[in-house]
Amino acid sequence: MLSHAESADSGLLDTTVESFDRHFAVNARITLAASHELAHLGVTANVINPGPVDTGWMNDELSRRLVRDTPLGRLGTPQDTAHLVDFLCSPQGQWVNGQLLKSNGGSA
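Residues numbered from 1 in each chain as written. Predicted model: local features only at pLDDT ≥ 70, side-chain atom pairs only at ≥ 80, totals over all residues. Heavy atoms only, no water.

**Q** Just to check I follow, could you spell out the side chain of Thr31 for this structure?
**A** Secondary-structure assignment places Thr31 in helix α2 (residues 31-37). For Thr31, a relative accessible area of 12% puts it in the buried group. Setting aside residues up to four positions removed in sequence, Thr31 forms contacts with Ala45, Asn46, Val47, Gly98 and Gln99. (Helix = DSSP H or I, 4+ residues; strand = E, 2+ residues; numbered from the N terminus. Buried < 20%, exposed > 50% of the residue type's maximum accessible area, 1.4 Å probe, protein only. Contact = heavy atoms within 4.5 Å.)

Here is the structure:
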């Protein structure tokens, strides 16, 4: 899987603001680059797609539709996503690197 569509003229650790802005504008997912460039520092880079999380922004109609379309039959909570972040930051998650992880109750 390749999610690095724009080449930058520098690495993540020595980039200019202009280069970073250009790079980020094209590659909202620069995770694969970070997972390679920061690995020697013991830093892992992952992206979490939290899916439909109930933080008060949804109207009732949208909430009902998302609950119906989610196999687990409920909306996510911030705590659901926090559990995954906690795992990724723990020693048990140190082997997970460069991944897009879905914490979404099985929703499409």
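**Q** Please explain helix α4 (residues 78-89) as it appears in this structure.
**A** Working note: α-helix, 3.6 residues per turn, so residues spaced by three or four point in the same direction. Compared with the 16 Å implied by 1.5 Å per residue over twelve residues, the 16 Å span of α4 between its first and last C-alpha is a close match. Taken together, the buried positions of α4 are occupied by Thr81, Leu84 and Leu88. For α4, the angular spread of buried residues about the axis comes to 55°, placing them on one side. Exposed positions of α4 whose direction lies more than 90 degrees from the buried face are Asp86 and Cys89. Structurally, α4 contributes buried residues whose contacts are with β1 (47-49) and β2 (100-102). (Expected span 1.5 Å × (residues − 1). Arc of directions from axis to C-beta.)

**Q** What am I meant to see in the pattern of salt bridges here?
**A** Side chains that carry opposite charge are capable of pairing whenever their charged atoms lie near each other. Applying the stated rule across the entire model yields two salt bridges. Taking the shortest distance from any N to any O, the salt bridge between Arg74 and Asp80 comes out at 2.8 Å. By relative accessible area, Arg74 is classed as partly exposed at 40%. With a relative accessible area of 24%, Asp80 lands in the partly exposed category. (Salt bridge = Lys/Arg side-chain N within 4 Å of Asp/Glu carboxyl O.)

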